[in-house]
Amino acid sequence: MSQVLVASNRGPVSFSLADDGTLAPRRGGGGLVAGLAAVTEADRAPDGGQAPPDVLWVCAALGEGDRSAARRAPGGRLDLDGHDTGGAAVRMLDIPAATFHRAYNAVANSTLWFVHHLLYDTPRVPHFDARARRDWQSYEAYNAAFADALAGEAAPGAKAAVQDYHLSLAPRMLRDRRPDLRIVHFSHTPWASPEYYRLLPDDIGAAVLDGILGADHAGFLTDRWAAAFLDCCEQLLPGARVDRAARTVTRGGHVTRVGVHPLGVDGERLRARAAEPDVAERRRALREQVGDRRLIVRIDRTEPSKNIVRGLAAYREMLADHPEWHGRVVHLAFAYPSRYDLPEYREYTAAVRRLAGRIRDEYGTASWDPLILRVEDDLPRALAAYQVADVLVVNPIRDGMNLVAKEGPVVSERGCALVLSREAGAAAELAGDALTVNPYDVSQTAEALHQALLMPPDRRAERCARLAAAATALPPRRWFADQLAALD
Ligand code: G6P
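Residues numbered from 1 in each chain as written. Predicted model: local features only at pLDDT ≥ 70, side-chain atom pairs only at ≥ 80, totals over all residues. Heavy atoms only, no water.

For the chain, an unreviewed UniProt entry supplies the name Trehalose-6-phosphate synthase and the organism Actinomadura keratinilytica.

### Re the pairing of strand β11 (residues 254–260)
The pairing of strand β8 (residues 217–220) with β11 spans 4 bridges and is parallel. Within β11, the residue paired with Gly219 across the bridge is Gly259. Across 4 bridges, strand β10 (residues 248–251) lies against β11 in antiparallel orientation. Its bridge partner lying in β11, Arg251 is registered against His254. (Pairing = 2+ DSSP bridges. Helix = DSSP H or I, 4+ residues; strand = E, 2+ residues; numbered from the N terminus.)

### Looking at helix α8 (residues 223–236)
Between the first and last C-alpha of α8 there are 20 Å, a value that for 14 residues agrees with the 20 Å anticipated at 1.5 Å per step. Turning to α8, the residues buried within the fold contact α6 (194–197), α7 (202–212), β8, β9 (241–243), β10 and β11. (Expected span 1.5 Å × (residues − 1). Contact = heavy atoms within 4.5 Å.)

### Describing the site of the ligand
In the vicinity of the ligand, the contacting residues are Arg10, Gly29, Gly31, Leu32, Tyr104, Trp113, Asp164, His166, His188, Arg301 and Arg339. One of the side-chain nitrogen or oxygen atoms of Arg10 is found 2.8 Å away from an oxygen atom of the ligand. Side-chain polar atom of Asp164 to an oxygen atom of the ligand: 2.5 Å apart, as the coordinates give it. Taken by itself the ligand offers 370 Å² of open surface, and the protein chains cover 93% of this. For the shell around the ligand, the secondary-structure elements that each account for two or more residues are α1 (31–40) and α3 (97–116). Of the residues that constitute the shell around the ligand, the class distribution is 3 nonpolar, 4 polar and 4 charged. (Near = heavy atom within 4 Å. Polar contact = N/O pair within 3.5 Å; in protein donor to acceptor, adjacent residues only side chain to side chain. Areas by Shrake-Rupley, 256 points an atom, 1.4 Å probe, with all protein chains shown as cover. Nonpolar A, V, L, I, M, F, W, Y, C, P; charged D, E, K, R; others polar.)

### Some details on the domain arrangement of the chain
The domain boundaries assigned to the chain delineate domain 1 (4–263 + 476–486) and domain 2 (268–471). When each unit is reduced to the centre of its C-alpha atoms, the spacing between domain 1 and domain 2 is 29 Å. Listed by partner, the interface residues are 35 residues for domain 1 and 25 residues for domain 2. At the junction of domain 1 with domain 2, the criterion picks out 2 salt bridges. (Domains from an automatic or database assignment. Salt bridge = Lys/Arg side-chain N within 4 Å of Asp/Glu carboxyl O.)

This is how it looks when you write it as structure tokens:
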């Protein structure tokens, strides 16, 4: 029985299955795992003076490799079966594959993610028909599987921290099963305004809000996303009473407090990782490739909301407007493959590759490659790119936080200039020392890239130091501890 439980779709480790049946582990991408892994990992001196809490982390098996690992482990407990889970106790749920796919791909990633990031091409999608209802039932079943697991593992009065849009119904379901527990739900995404949220079928939109209100505390990354959630409760959920000053929602006699917890990075841990020899090796290789040219760097999941295509278009426009940079700058665009089960993601990645090819054809010469695009997972190379970046560009359409904007300045060696979308949650803390842009305005972004390249080194270093300080203000362990404390 555990006193503290975490639930998230993605766990700290995922496995691919080789033909001979062996399992190859890999670490997941994205801010949620980065944050939670830093909370539970026991391999180093803890930040903020806090010891790693004794946590049971419940997650879903994502593919066949995971299913096989979960089945082989006693009670799905990967840590008890010799797997490296970074020190956490991990229970991986073997939810039936068809149920999982409908919940994860169709509802969580193609619907809720699209709503919160404003990604729909509304003349065509969404299209909520009978099939969408079947998908929704799978989402309910998937959430119920988590609620059952948490209810079965939690000690009396334990605290459960339920993460993100995959698990919006689980807090309510868990409260129904175990009224003694104290529950927090945390959203790692933006939250849509009521006008956009209303795209959801009325009953589904209400069920998502009601599900989160099953928690005692609902956490968000910025004031803006918290306010949008309160707006949705007030306007779209019958019977909900919203107190804006107190930041509470009362429904059916139960009070949910809404809190803002702007997740930052653990600077010490990140710098230690960046000091490893594999990063130095990648840095040498990069330098050999680009010489002493200026570097504009971006690191993303291959994700439509990251706005990679407009970012590349801005670089192209900068090269067109400022021929003085020809031969003197290289754009490194590293993208971590993501959600390839969804056609939108595959098509988006293809669009990124097409535009990158065009830029190379237009501007490349025998002695200068203006753009290096890599679509693969390579953490040490990403860290090396942060170290040597002159400019870091983070231009999402919308983003809950965006930890790249925080990691880059922390790891940067000489100080990088940050070009940052005003629609990233990170802008709430970093805008003062970044060059902020409207992510849809390609010309403005092109000009910001140019200005960032021109920024004098001492100004850049000063700004970067302040960005790094802001980025580490709320490291993961404190971020998590604050949420648990909010339950007392
Ligand atoms: C975002 C979400 C996380 C998710 C991550 C990676 O950061 O908020 O919940 O884990 O993206 O996406 P994936 O679908 O690969 O887990």
